[in-house]
Amino acid sequence: MSAFLLQIKSKQIIWPLLVTAFIIVSDQITKAFIVEWLKPQGTVSIIGDLLRLTFVTNTGVAFGMLTGIPYVLTIPIVILIGVIIYYLVKTLGQSFLLTLALSLELGGALGNLIDRIRLGYVVDFVKVPYWPAFNVADSCVVIGAIGLAFVLLWQDRQPRDANPESSPS
C-alpha cells in the first residue's frame, strides 16, 4: 500500500517541481541580465517614476530588514525551505491552490537563497513608488503567501455541523 501511495505522490510532485524550477530559472536569468546590463547604468525608467529598473543589493530579508548579516540569515532560510518542502510533500493532492502556493514560496525562497550563498546578497531590481526594490523570487514569495492565506482562511472552510445525518429534516 505504501509503495502505491509513493508512486501516486511521485507523479503528483512533477508539476510543483516544474513550477519551482521555472521560478528559479526565471529569477536567476533576470538577475543575471540586470547585473550585466543594468548595473553599469544604475536605473532605467520604464513608465516614468511609476516603474523603474534599478540595480540594488539586499543583504537583509524582505524589504531590506535585518541588513548586513546575510550568512546568519541563511540558516533560518534553509530551515524554512525544509518546512515548505515538508508541507508540499505532505499536502500533495489536497488542493491545487495550496500546492501552487507552496511551489511559489519554494521557488522564490530558493531563488533568493542562491543569490545569498553565491553573492552574499540578493539582487533586486524592480522599483515602484513607496515600495522597496524587489525581484522575481520576491514576487513569487508574496503571491504564494497570498495563496496560502486564501487556502488557510477561506478555501477549505466547512460549516461546523457538516454531517448530513445530524441536520434536521
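Reading guide: rules and limits
- Once a new chain begins, its residue numbering starts again from 1 and follows that chain's sequence as written.
- Note on the predicted model: pLDDT of at least 70 is required for a residue's local features to be given, and 80 or more for side-chain atom pairs to be given and counted; whole-chain, interface and lining totals, by contrast, use all residues.
- Excluded from the side-chain calculations are hydrogens and water; all other atoms, namely the structure's heavy atoms, are used.
- At least two bridges found by DSSP between two strands is the condition for calling them paired.
- Note on conventions: DSSP H or I runs of at least 4 residues are helices, E runs of at least 2 residues are strands, and numbering of each starts at the N terminus.
- Between the N-to-C directions of two axes lies an angle of 0 to 180 degrees, each axis being a line fitted to C-alpha atoms and, for a helix, fitted only over the stretch in contact.
- Take the buried residues of types Ala, Val, Leu, Ile, Met, Phe, Trp, Tyr and Cys, join any two whose side-chain atoms come within 4.5 Å, and each joined set is a nonpolar core.
- Throughout, exposure labels follow a simple rule: accessible area from a 1.4 Å probe, protein chains only, divided by the maximum for the residue type, with under 20% read as buried, over 50% as exposed, and the rest as partly exposed.
- In what follows, a contact means two residues having at least one pair of non-hydrogen atoms within 4.5 Å.
- Here a crossing is called left-handed whenever its near helix is offset anticlockwise from the far helix by less than a right angle, and right-handed whenever the offset is clockwise.
- Residues were grouped as follows: Ala, Val, Leu, Ile, Met, Phe, Trp, Tyr, Cys and Pro as nonpolar; Asp, Glu, Lys and Arg as charged; and all remaining residues, including Gly, as polar.
- Salt bridge criterion: a side-chain nitrogen from Lys or Arg within 4 Å of a carboxyl oxygen from Asp or Glu.

**Re the sheet that holds strand S2 (residues 51-58)**
Here comes step 1: Sheet architecture is open: 3 strands sit in the order S1-S2-S3, paired in antiparallel fashion. Unpaired on one side and paired on the other, strand S1 (43-47) and strand S3 (122-127) mark the two borders of the sheet. For this sheet, the mean inter-axis angle between neighbouring strands, taken without regard to orientation, is 30 degrees.
Here comes step 2: As defined by bridge partners, S2 adjoins S3 across 5 bridges and the pair is classed as antiparallel. If you follow Arg 52 over to S3, its bridge partner there is Lys 127.

**A word on the nonpolar core**
Here comes step 1: Among the nonpolar cores identified, the biggest contains 15 residues, and Ile 77, Ile 81, Leu 88, Leu 98, Leu 102, Leu 106 and Leu 148 are the most heavily contacted of them.
Here comes step 2: Secondary structure elements with two or more residues in this core: helix H3 (70-90), helix H4 (96-119) and helix H5 (136-155).
Here comes step 3: Ranked by the residues each element gives to this core, the list is headed by H4, at 6 residues.
Here comes step 4: If we ignore the near neighbours within four places in the chain, the residues touching Leu 106 are Thr 20, Ile 81, Ile 84, Ile 85 and Leu 88.
Here comes step 5: Counting 8 residues, the second largest nonpolar core, distinct from the first, contains Ile 34, Leu 38, Val 44 and Phe 55.

**Overview of the packing of helix H2 (residues 14-38) against H4**
Here comes step 1: Two elements in contact, H2 and H4, have axes separated by 8 Å at closest approach and are oriented at 35 degrees. In this structure, the crossing between H2 and H4 has a hand that is right-handed.
Here comes step 2: Residue classes in the contact of H2 with H4 are distributed as 11 nonpolar, 8 polar and 4 charged.

**What about the pattern of salt bridges?**
Here comes step 1: The tally for this structure, following the rule as stated, stands at 2 salt bridges.
Here comes step 2: The partner of Asp 27 in a salt bridge is Lys 31, with the nearest N and O atoms 2.7 Å apart. Residue Asp 27 and its partner Lys 31 are located together in helix H2, separated by 4 residues, close to a single helical turn.
Here comes step 3: What makes Asp 27 buried here is its relative accessible area of 0%.
Here comes step 4: Put simply, Asp 115 and Lys 31 hold a salt bridge, and the shortest N to O gap is 3.0 Å. A residue pair is termed long-range when its members are at least 10 positions apart, and Asp 115 in helix H4 and Lys 31 in helix H2 qualify at 84 residues.

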